[in-house]
Amino acid sequence: MSRAQKNGRVVMLPVYVSDHITDEMVDLFVKGGQALSVNAGHISEQVVLPYLEKHFECEGDFVNADGYDHIFENGIRNEHKKLSIRKTTAAAKNIGINKQGKCDTISFHHAGNNSIFIIDSTLFYEHATLNYDKTGNCWDVGFYTDMQLKGKGKRIGCNAWRNTKMLIDHATKIELN
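Scope of this entry: the structure provided in the associated data block. (Residues numbered from 1 in each chain as written. Predicted model: local features only at pLDDT ≥ 70, side-chain atom pairs only at ≥ 80, totals over all residues. Heavy atoms only, no water.)

## Examining the pattern of salt bridges
Inference 1: Per the counting criterion, the structure on display carries nine salt bridges.
Inference 2: Here Asp66 ties to Lys102 by a salt bridge, and the two come within 2.9 Å at their closest N and O atoms. Here Asp66, found in the loop between β1 (60-65) and β2 (68-72), pairs with Lys102, found in the loop between β5 (89-92) and β6 (105-110); they are 36 residues apart in sequence, far enough to count as distant.
Inference 3: We classify Asp66 as exposed; its relative accessible area is 57%. (Salt bridge = Lys/Arg side-chain N within 4 Å of Asp/Glu carboxyl O. Helix = DSSP H or I, 4+ residues; strand = E, 2+ residues; numbered from the N terminus. Buried < 20%, exposed > 50% of the residue type's maximum accessible area, 1.4 Å probe, protein only.)

## A word on the pairing of strand β7 (residues 115-120)
Inference 1: Summarising burial for β7: five of the six residues are buried, a large majority.
Inference 2: Two elements, β6 and β7, share six bridges in a ladder whose sense is antiparallel. Paired with Ser107 across the two strands is Ile118, which belongs to β7.
Inference 3: Counted between consecutive antiparallel strands, the loop separating β6 from β7 contains four residues, among which Asn114 sits at a positive phi close to 50°. (Pairing = 2+ DSSP bridges.)

## Quick notes on helix α1 (residues 23-31)
Inference 1: A small share of α1 lies buried, amounting to zero of its nine residues.
Inference 2: Gly33, located one to two residues past α1, shows a positive phi value of around 80°.

See below:
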């Protein structure tokens, strides 16, 4: 019994498959008629690269190294996070101080706002209010889904408000089409 996927679509992408996955396994899966479910965060890290290359004005590579996901010809190391979108907040997991000093910038793919925010990592760690998630044993950061500081349900001074203000004040916003 498989879980029905929601809020998505089937697209054709070239896929790199480890040698541990045999051709027979692939053939049997394809014959089953299902679409392969893949981690949106991993896809986001790769498809965001052309936007980051334009922003940094140089070529870059997806490297998935310890503390950063992209490296650019000018030496910039970028950590990328796809935000998990909820009703009122958007959150990025695993953004604790273990990344500090290993990356120069942090990019956030904010699907709820149809944009990418890029912030200097030093500014991020100076201004961000991180939350410790006991369940996942990791640090996360939350923002408002609508990226607005005023309106219904906004609590001035709460973590999501301060973090949203930080991105508005210090990050570069790239609008997605």
